[in-house]
Amino acid sequence: QVLLVESGGGLVQAGGSLRVSCAATGRTVISYYMGWFRQPPGKEREFIAALTRRGVYYADSVKGRFTFSRDNARNTVFLQMNTLEPEDTAVYYCAADLSPPDYGTWHPLYWGQGTQVTVSS
């Protein structure tokens, strides 16, 4: 069992930056792959970033603006979001699984509760 808790969401103006974090607790957390999804209002959930066997995957919608990182000592992953746009408004979810993401698709077992990010124009 893995428990994921996101933090760091909030309201930011377009062009600004925000960093969301996800702390994982549970046995052998270090063995789990972790990543980020987001769900804009009225839209489907989108896989946006994670470390895969081929390197870090970024969705085209965030590539060049968002940066994924992981602190294994703290069992925490981060998503640094720069040059935010109103279209980035969404609930951001952290996810984890023993199986690694494919480059572009992932169906993780464990999910956090989500953190709201709102970008005003």
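What you see as residue numbers is a count from 1 along each chain, following the sequence as written. The predicted origin of the model limits local features to residues at a pLDDT of at least 70 and limits the giving and counting of side-chain atom pairs to 80 or more, whereas totals for whole chains, interfaces and linings rest on all residues. Values reported for side chains reflect all heavy atoms of the structure, with hydrogen atoms and water molecules removed beforehand.

1. Details of the overall build of the protein chain
Part 1 of the argument: Only DSSP runs of H or I covering at least 4 residues are called helices, and only runs of E covering at least 2 are called strands; the numbering of each starts at the N terminus. Each helix and strand counted, the protein chain has zero helices and 11 strands in total.
Part 2 of the argument: Ordering the α and β elements of the protein chain from the N terminus gives β-β-β-β-β-β-β-β-β-β-β.
Part 3 of the argument: Here the C-alpha atoms of the protein chain give a radius of gyration of 13 Å, agreeing with the 14 Å that 2.2 N^0.38 yields for 121 residues.
Part 4 of the argument: Projecting the C-alpha coordinates of the protein chain onto the three principal axes gives extents of approximately 40 × 25 × 25 Å. Radius of gyration means the value over C-alpha atoms here, while the globule rule gives 2.2 Å times the residue count to the 0.38 power.

2. Points about the sheet that holds strand β3 (residues 18-26)
Part 1 of the argument: Paired strands, in this sense, are two strands between which DSSP finds at least two bridges. The strand order across the open sheet built from four strands is β1-β3-β8-β7, with neighbouring strands paired in antiparallel fashion. Where the open sheet ends on each side, the last strands, each with one partner, are β1 (2-7) and β7 (66-71). In this sheet, adjacent strand axes meet at a mean angle of 15° when their direction is disregarded.
Part 2 of the argument: By the bridge criterion, six bridges tie β1 to β3 in an arrangement that is antiparallel. Across the sheet, Leu4 pairs through a bridge with Ala24, a residue of β3. Each axis is a line fitted through C-alpha atoms, and for a helix only the stretch in contact is used; angles between axes span 0 to 180 degrees, taken between their N-to-C directions.

3. Some thoughts on the side chain of Thr115
Part 1 of the argument: Topologically, Thr115 is positioned in strand β11 (residues 115-120).
Part 2 of the argument: Burial status follows relative accessibility: with a 1.4 Å probe on protein chains alone, a residue under 20% of its type maximum counts as buried, one over 50% as exposed, and anything between as partly exposed. According to the relative accessible area criterion, Thr115 is buried, its value standing at 10%.
Part 3 of the argument: Pairs of N or O atoms are called polar contacts if they sit within 3.5 Å, as long as, within protein, a hydrogen donor faces a hydrogen acceptor (for residues adjacent in sequence, only side-chain-to-side-chain pairs). There is a polar contact of 3.2 Å between the side chain of Thr115 and the backbone nitrogen of Gly9.
Part 4 of the argument: Beyond its immediate sequence surroundings of up to four residues, Thr115 is in contact with Glu6, Ser7, Gly8, Gly9, Val20, Ala90, Val91 and Tyr92. Residue contacts are defined here by distance: any two heavy atoms, one from each residue, within 4.5 Å place the two residues in contact.

4. Describing the side chain of Thr89
Part 1 of the argument: Along the chain, Thr89 turns up in the loop between β8 (76-81) and β9 (90-97).
Part 2 of the argument: A distance of 2.9 Å separates a polar side-chain atom of Thr89 from the backbone nitrogen of Val119.

5. Quick look at the state of the cysteines
Part 1 of the argument: Cysteine sulfurs are considered disulfide-paired once they come within 2.5 Å of each other. Counting across every chain of the model gives one disulfide.
Part 2 of the argument: The disulfide partner of Cys22 is Cys94, and the S-S distance across this bridge is 2.1 Å. With the S-S dihedral at roughly -75°, the linkage between Cys22 and Cys94 falls on the left-handed side. Residue Cys22 is found in strand β3, and its partner Cys94 is found in strand β9; the two are separated by 72 residues along the sequence.

6. Quick notes on the pattern of salt bridges
Part 1 of the argument: By definition here, a salt bridge exists when the distance from a side-chain nitrogen of Lys or Arg to a carboxyl oxygen of Asp or Glu is within 4 Å. Throughout the structure, instances matching the rule amount to six salt bridges.
Part 2 of the argument: Between Glu85 and Arg65 there is a salt bridge, and its shortest N-O distance comes to 4.0 Å. With Glu85 in the loop between β8 and β9 and Arg65 in the loop between β6 (55-58) and β7, the pair connects residues that are 20 residues apart, well separated along the chain.
Part 3 of the argument: Of the residues examined, Glu85 reaches a relative accessible area of 33% and is grouped as partly exposed.
Part 4 of the argument: Residue Arg65 is classed as buried on the basis of its relative accessible area of 12%.
Part 5 of the argument: Arg65 is paired through a salt bridge with Asp88; the nearest N and O atoms lie 2.7 Å apart. Of the two residues, Arg65 is situated in the loop between β6 and β7 and Asp88 in the loop between β8 and β9; the sequence distance between them amounts to 23 residues. In this structure, Arg65 and Asp88 share a single accessibility class: buried.
Part 6 of the argument: In the salt-bridge network here, residues are joined through shared partners; they are Arg38, Glu46, Arg65, Glu85 and Asp88.

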